[in-house]
2 protein chains.
Amino acid sequence: MPQLRLALAQVDPTVGDLPGNVELVLDGARRARDAGAGLVAFPEMVLTGYPVEDLVFRESFVAASRAALDELALRLEGEGLGALLVVVGYLDADGPVAPGVDAGSDGGPRNAAAVLAGGQVVTRYFKHHLPNYGVFDEDRYFESGDTLPIVRVRRGEEDPFDLAVVICEDMWASGGPVTAAGEAGVGLVLAINGSPYELAKTDTRLDLCRRRAAEAGAPLAYVNMAGGQDELVFEGDSMVVAAGGEVLARAGQFAEELLVVDLDLPAAAGDIAGELAGMTVERVTLDLPAVETAADAPAPRLADRLPDEASVWAALVAGTRDYVRKNGFRSVVLGLSGGIDSTVVATIAADAIGAENVVGVSMPSDYSSEHSRSDAAELAERLGLDYRTVPIAPMVTSFLANLHLTGLAEENLQARVRGVILMGLSNQEGHLVLTTGNKSELAVGYSTLYGDSVGGWNPVKDVFKTMVWRLAEWRNADAEARGETPPIPKNTITKPPSAELRPGQLDSDSLPDYAELDAILGGYVDSDLGRADLLAAGHDETTVDRVVRMVDLAEYKRRQSAPGPKISLKAFGRDRRLPITNRWREHRV
Amino acid sequence: MPQLRLALAQVDPTVGDLPGNVELVLDGARRARDAGAGLVAFPEMVLTGYPVEDLVFRESFVAASRAALDELALRLEGEGLGALLVVVGYLDADGPVAPGVDAGSDGGPRNAAAVLAGGQVVTRYFKHHLPNYGVFDEDRYFESGDTLPIVRVRRGEEDPFDLAVVICEDMWASGGPVTAAGEAGVGLVLAINGSPYELAKTDTRLDLCRRRAAEAGAPLAYVNMAGGQDELVFEGDSMVVAAGGEVLARAGQFAEELLVVDLDLPAAAGDIAGELAGMTVERVTLDLPAVETAADAPAPRLADRLPDEASVWAALVAGTRDYVRKNGFRSVVLGLSGGIDSTVVATIAADAIGAENVVGVSMPSDYSSEHSRSDAAELAERLGLDYRTVPIAPMVTSFLANLHLTGLAEENLQARVRGVILMGLSNQEGHLVLTTGNKSELAVGYSTLYGDSVGGWNPVKDVFKTMVWRLAEWRNADAEARGETPPIPKNTITKPPSAELRPGQLDSDSLPDYAELDAILGGYVDSDLGRADLLAAGHDETTVDRVVRMVDLAEYKRRQSAPGPKISLKAFGRDRRLPITNRWREHRV
């Protein structure tokens, strides 16, 4: 029975950074070799980063990806890593790509995987199933593959095993390439992924790996990306599952990791090829030198999945860290109102990039309560932020002396003066501005455009208000469990939320209770339920009509909102595409 | 030889306004009947408006579209219009749709056409070819049809003719349903469309109609939507082309119109059906009473296509009018700097909704030149705008007294104070704010986020600076040709452009000459050319590197920019989807 020490390199590439991503793969390959691995696998499109969106339309970029693959193969060989089997995702095209040659002339761009060994590309695989829902637009970008190459790997005198590589969505469909791999009798299915995080009640990824491993009748190795790319946070959670469903190894979530596991694989037998499960199965044979086997591998890691709040927190921190870092910022600035949203965002930012790189600005007005200032100051003290105070009264007064603004216009003015202050500090000192509107607020438009919505990144964009509170409670409890001071002042969690734009204002003046609001929004926004469904779910008719109306009318604000990490089934942004000009109304008002 | 008086109803529906769109169709049907027509055709998805984007995922919306179709059929019959053949586009699903029933359970949503007569749906057709490029995401939304129904229409004692209906993209592919219709020997192909405007050098639409009419061996009638929906402007330009390529009738662009033409059609012969051109061709027979033939129709309209500047201007005006009107606004406000961009935008707005509904605000600073104020005032005078002046010095001074801002931060502050003023007037008085950054500025990020970029709609978002000047010249010349006063002050067109955020500042301090800039941007943005292609086109290396770098780094600003009408091959917005986090650099810096 052939043995394989398999390494899954759960890494965090950067979109467009081809030289950096080549180094990332080389580094992972070295570590895999040092761990005695015979095969190391990297995520979907690791060389280009993922998703690259309309960069696929630039021939120069496609050509650069192909050149990076060739360079990688040569450098692996040059560093004495030629005996290591390396699987990487990259962007290819089914034909020649060179300046002046149309990448699409022979079939268009491909979401591709390559198997590298001995300084060569042993075989290429083009993703069959292209997701075109939710945040994915792969029918826009790629041509589908229709071939499954199976690599027979013979190492020294050992019995050979048969390897099939598939890419992400290919795993989700029964009857796809994993089925064909099973019919061909492969010994190992390797799935390379760029799979974003979504908070889910069930362990969907594990269930899926088990189903496909059973279908293939072979172990299935699943390697996923970690880290953030714009609104997506890749969860990691790489794993190896036996044909019988046993989890043989599992990496942690959100962070980079090299997962190493020793596998006993079914020996290759037979040469089934040709048309299987509706595709063409081809065979390739690869002879590799024996690996100098290191000592027994340590017991493979079997990470536990994080509970809900912990996983959301980790996603927001990872997404924020990568957005800041990959866009070349070192520090952030945000307004601290003493309220729960800015408090949680400041804490996420401190966890992501260090409190010393977070500037918190208190911008009190005449309507700000004493506790707003003291809660903000206490938070800054507990976290160790760079804390400043800029009262807004002089600027607000100056506008009011020169413009006739009353009511809502005057309320919004205060928020906009704060926005100008934050942007001024950003321009002057080079910080990225964080904005702090939660998903409930974004949904109903409870914000001031170009006021509190000002900012380049919104860590809680996809977090309903009730979850913001749960996160605060969890973060404090987690700190206590670690013997640290809870960062979030108790009063910030317990006080009734208020925008403090007029005397005595409370969110509850304008909005339903957040528990009810979030339940309705979960149905209307995340699940596309109609009015009748919402009423059938037991929600109050007047409240449903009010909420639905607010959501419909706020689309124009969301269209200009900052990006933020997706954690839900349906995030605002590319995940949910609604027209601004839209007279469809569920509500009866 | 059967005769048909055909009416093409080039109408402007509103997305989501099902009752309003039903009325629009009824009104068009009445006018067609009054003109003696036997068949009237409306555009793609006229009942729902187009594109409806993620509204397709709401079962309540799909059900409402189906109900609207049934209501329309009954109301046509009820108004004595049952003998008129009516073709409409709508949203359907291939299965039962009712509350609690999954619209997708029997095949998912469909981009559909229905043929109505006698109070009934005679037949339905589901679009075969789903565009999933550019601004289109139809693979995300719809299932493809695979059947072509052909309706044999027999009216009284006349010889019958065979009618095939296809939808938009179906026309673009050779070998599609038009080919099948030709093989089946139809007498008339009717294509219903939601086809947005793009400024093009060639008459692509006519060329296409001619090719398909020849392929079908029958006249082809093409009906398109008019008016704006968010970033799209539908061009109209409905037409009827004979099998031999002769244009029998052609409507104007951008505006609603009922195009009526008398056709002699080939008589129906044979019953070819079954599998043709890879699809199932079905036959339906429809017997209708004789039409009381009115007098001979007047000679059909044969509109000339507008020249470039005139068509762009008409597109911007139509898009702006519909965005304002369909979103419930009556007036707009914008800053008037005396520069070319705000001047052109004010003129577009005045043409779209009337100068009396346009508020122009001059917001001079200490750095504003005398001509800025006088040019703005003269424009307002010539157009008859609601003109106001709000100097920004007091507010700027107030910020500077409370914050340490210098250099670029101080420049941006001025733009942001102006933004706060415009938003204040919007909130206080209910105007929609127009922003005026042209495509060249948006491309290179030559704007202040939350400053001059503030606004809900940008009429020149997709217009390069050089085209802004051409439009100004054209608009003045057009006024002169009509014996009117040219609206745009000559000095605004001839003076060197400046943001006037510091003493003596000129755009040329920061940017290449606009003619060169726009040529590079046309290649890099609109055509996805790489650096090597741009150099091969003869552009200066240093300039290319500088421009490409600016474009790459400004993605975050564009992501929060206001919508505006698409006029080019590739507009910023959903047409061009690039990651913000992106280290791919064409340039060598």
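Our subject is the structure that appears above.
Residues numbered from 1 in each chain as written. Chains lettered and ligands numbered in written order. Predicted model: local features only at pLDDT ≥ 70, side-chain atom pairs only at ≥ 80, totals over all residues. Heavy atoms only, no water.

Description of the relation of the copies chain B and chain A
In plain terms, the rule: Here the copies were fitted onto each other by least squares, based on C-alpha atoms from residues at pLDDT of at least 70 in both.
Once turned by 180° and shifted 0.0 Å along the axis, chain B lies on chain A with an RMSD of 0.0 Å. On the angle and the small slide along the axis, the relation comes out as a two-fold axis. Taking C-alpha positions as the reference, the residue of chain B nearest the rotation axis is Gln 560 of chain B, at 2.1 Å.

Here's the deal with unusual backbone geometry
Leave glycine aside and you will find that most residues have negative phi; peptide bonds, for their part, are mostly trans. Residue and element names in this part refer to chain A. Stated precisely, the cut-off is as follows: Counting from the N terminus, the helices are DSSP H or I runs at least four residues long and the strands are E runs at least two residues long. Burial classification: accessible surface area is computed with a 1.4 Å probe over protein chains only, and a residue below 20% of its type maximum counts as buried, one above 50% as exposed, and the rest as partly exposed.
The linkage connecting Tyr 50 with the following residue, Pro 51, adopts the cis geometry, with an omega of -10°. Mapping Pro 51 onto the fold places it in the loop between strand E2 (39–41) and helix H2 (59–78). One non-glycine residue, Ala 277, lies in positive phi territory at about 50°. Examined against the element boundaries, Ala 277 turns out to sit in the loop between strand E15 (274–276) and strand E16 (279–288). By relative accessible area, Ala 277 is classed as partly exposed at 31%.

Some details on the sheet that holds strand E19 (residues 386–389) of chain A
Sheet strands associate in pairs through backbone hydrogen bonding, adopting either a parallel or an antiparallel arrangement. Residue and element names in this part refer to chain A. Operational definition: Two strands pair under a simple rule: DSSP has to find at least two bridges between them.
Read from one edge of the open sheet, four strands run E19-E18-E17-E20, paired in parallel fashion. Strands at the two margins of the open sheet, each flanked by one partner only, are E19 and strand E20 (432–433). Bridging between strand E17 (residues 332–335) and E20 involves two bridges; their strand directions are parallel. Looking at E20, one finds that Val 333 is bridged to Val 433.

Here we look at the sheet that holds strand E3 (residues 85–93) of chain B
Residues and elements named next belong to chain B. Put simply, the test is: Between the N-to-C directions of two axes lies an angle of 0 to 180 degrees, each axis being a line fitted to C-alpha atoms and, for a helix, fitted only over the stretch in contact. Throughout, a contact is declared for two residues whenever any of their heavy atoms are within 4.5 Å.
Here we have six strands laid out as an open sheet, ordered E5-E4-E3-E2-E1-E14, and mixed in their pairing. Of all strands in the sheet, those bounded by a partner on one side alone are strand E5 (120–126) and strand E14 (257–264). Each adjacent strand pair in this sheet contributes to an overall mean axis angle of 30°, direction not counted. Where strand E4 (residues 109–117) and E5 come together, six bridges link them in antiparallel fashion. Among the inter-strand pairings, Ala 117 is bridged to a residue of E5, identified as Gln 120. Across the sheet, helix H2 (residues 59–78) lies against E3, E4 and E5, angled at about 160° from E3, the strand it touches most.

Brief notes about the interface of chain B and chain A
Filter applied, for reference: The term buried area refers to how much accessible surface (probe radius 1.4 Å) is lost by two components on association, counted for both of them together. Counted as salt bridges are all cases of a side-chain nitrogen of Lys or Arg within 4 Å of a carboxyl oxygen of Asp or Glu.
At the junction of the two partners, chain B supplies 76 residues and chain A supplies 76 residues. A buried area of about 7000 Å², summed over both sides, lies between chain B and chain A, and 53% of it is on carbon and sulfur atoms. Here chain B is connected to chain A by six salt bridges. A salt bridge links Asp 137 of chain B to Arg 577 of chain A, with the shortest nitrogen-to-oxygen separation between them at 3.2 Å.

Focus: the pairing of strand E18 (residues 358–362) of chain B
Residue and element names in this part refer to chain B. Our working rule: By convention, orient the strands away from the viewer: a clockwise path from the first strand over the helix to the second makes the crossover right-handed.
Counting buried residues along E18, five of its five residues qualify, which places the element largely inside the surrounding structure. Residues Val 358, Gly 360 and Ser 362 line one face of E18 and the alternating positions Val 359 and Val 361 line the opposite face, and both faces are buried. Where strand E17 (residues 332–335) meets E18, four bridges bridge the pair, whose relative direction is parallel. Bridge pairing in E18 places Val 332 opposite Val 358. Regarding the hand of the β-α-β motif, the stretch spanning E17, helix H7 (residues 340–353) and E18 is right-handed. Running through helix H8 (residues 370–383), the crossover from E18 to the neighbouring parallel element strand E19 (residues 386–389) is right-handed.

None of this, on its own, says anything about what the molecule does.
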